[in-house]
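# Secondary and tertiary structure notes
Chain by chain, the residues:
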Amino acid sequence: MYQPPHFREDRLEVQHGLVRAHPLGILVTAGAGGLMANHVPFTLDAGASGLGTLRCHLARANPQWRDLAAGAEALVVFQGPQAYVTPSWYETKRETHKVVPTWNYAVVHAWGTPVVIEDAEWLAAQIEALTRRHEAGRAEPWAVSDAPEPFVAAQIRGIVGVEIPIARIEGKWKVSQNRPAADRAGVATGFSQSEPAMAALVEAYGAARA
């Protein structure tokens, strides 16, 4: 990905934080039929390999898993907060009018060689981990064991697992670091009501740059 130095985010714990907060990744492969992309929820095991290991499952009817089984490298894209930035928020607009719109965003790209897994126990553990992660905040969390065992077993037969040890990972936080302090302050204020997560990123990365 295009990486101007002031937008790079190389801290692994920050990259992992975005993956966990925004786990619906775009799984991209290049197979015999050309490029293919699917939106898939992932879990991340930070300790399973040096840069972490991504896990997910696909419907057996989804042809992408056959591209994954062929052993070619895959790319997974995780999109964090993102929003349009109007030049009207810049102090520079009032001073010179030499400004243009842009887009702020935080994103992580992860590459690795996938392993396709058809073991029923692995698949059961993966869907249980995914479910626990996303049911944890509910007053009455649903669990896989709430469904009848034969039904769950049938569902598991309809999916395949994917494990991707991350070989390379990049983070890009384009959150107004290239603007003067007064412009960054204007952007943070502008986002404070409509996009508070982006406002917080503009403030945090602006403070780090100061």
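Reading guide: rules and limits
Residues numbered from 1 in each chain as written. Predicted model: local features only at pLDDT ≥ 70, side-chain atom pairs only at ≥ 80, totals over all residues. Heavy atoms only, no water. Phe/Tyr/Trp six-rings, centres within 6.5 Å; stacked < 30°, edge-to-face > 60°. Helix = DSSP H or I, 4+ residues; strand = E, 2+ residues; numbered from the N terminus. Buried < 20%, exposed > 50% of the residue type's maximum accessible area, 1.4 Å probe, protein only. Contact = heavy atoms within 4.5 Å. Pairing = 2+ DSSP bridges. Axes fitted to C-alpha atoms, helices over the stretch in contact; angles between N-to-C directions. Core = buried A, V, L, I, M, F, W, Y, C linked by side-chain atoms within 4.5 Å. Salt bridge = Lys/Arg side-chain N within 4 Å of Asp/Glu carboxyl O.

A few words now on the packing of aromatic side chains. Taken as a whole and assessed by the stated rule, the structure comprises three aromatic pairs. Both rings, one in Phe42 and one in Phe78, keep their centres 5.6 Å apart while their planes meet at 75°; by these two values the pair is edge-to-face. Taken together, the residues Phe42 in the loop between strand E2 (34-41) and strand E3 (43-45) and Phe78 in strand E5 (residues 74-85) connect sequence positions 36 residues apart. Both residues of the pair, Phe42 and Phe78, count as buried. On the basis of an interplanar angle of 70° and a centroid distance of 5.8 Å, the ring pair of Tyr84 and Trp103 is categorised as edge-to-face. Taken together, the residues span a long stretch of sequence, with Tyr84 in strand E5 and Trp103 in strand E6 (residues 102-112) at a distance of 19 residues. Residue Tyr84 is classed as partly exposed on the basis of its relative accessible area, which comes to 40%.

Further remarks concern the environment of Ala30. By the secondary structure assignment, Ala30 is in strand E1 (residues 24-31). Residues in contact with Ala30, not counting those within four places in the same chain, are Leu35 and Ala72.

Further remarks concern the sheet that holds strand E8 (residues 159-165). An order of E3-E4-E8-E7 is seen for the four strands of this open sheet, with the pairing classed as antiparallel. At either end of the open sheet lies a strand with only one pairing partner, and these are E3 and strand E7 (115-117). Strand-to-strand twist of the sheet, defined as the mean angle between neighbouring strand axes without regard to direction, takes the value 30°. Here helix H4 (residues 120-135) sits on the sheet in contact with E3, strand E4 (53-59), E7 and E8, set at roughly 105° to E4.

Grouped together as the largest cluster of nonpolar side chains are 36 residues, with contacts concentrated most on Leu27, Phe42, Leu54, Leu58, Phe78 and Trp173. For Phe42, the residues in contact, after removing those within four places along its chain, are Pro23, Gly25, Leu27, Leu54, Arg55, Cys56, Val76, Phe78, Leu130 and Ile164. Residues Leu123, Ala124, Ile127 and Ile159 belong to the second largest nonpolar core, which totals 10 residues.

Turning our attention to the pattern of salt bridges. Inspection of the entire model under this criterion finds nine salt bridges. Of the charged contacts in the structure, one is a salt bridge between Arg60 and Glu118, with a shortest N-O distance of 2.9 Å. Taken together, the positions of Arg60 in the loop between E4 and helix H2 (64-69) and Glu118 in the loop between E7 and H4 put the pair 58 residues apart, joining distant regions of the chain. What emerges from the salt-bridge pattern is a single network uniting Asp45, Arg55 and Glu163.

Reading across the sheet, the five strands line up as E2-E1-E5-E6-E9 and stay open at both edges, with antiparallel pairing between neighbours. The open sheet is flanked by E2 and strand E9 (168-174), the only strands paired with a single partner. Taken over all neighbouring pairs, the strand axes of this sheet differ in orientation by 20° on average, direction set aside. Helix-sheet contacts for helix H1 (residues 12-21) involve E5, E6 and E9, and the interaxial angle to E9 is about 80°.

Such coordinate-based values are descriptive only and should not be taken to indicate function.
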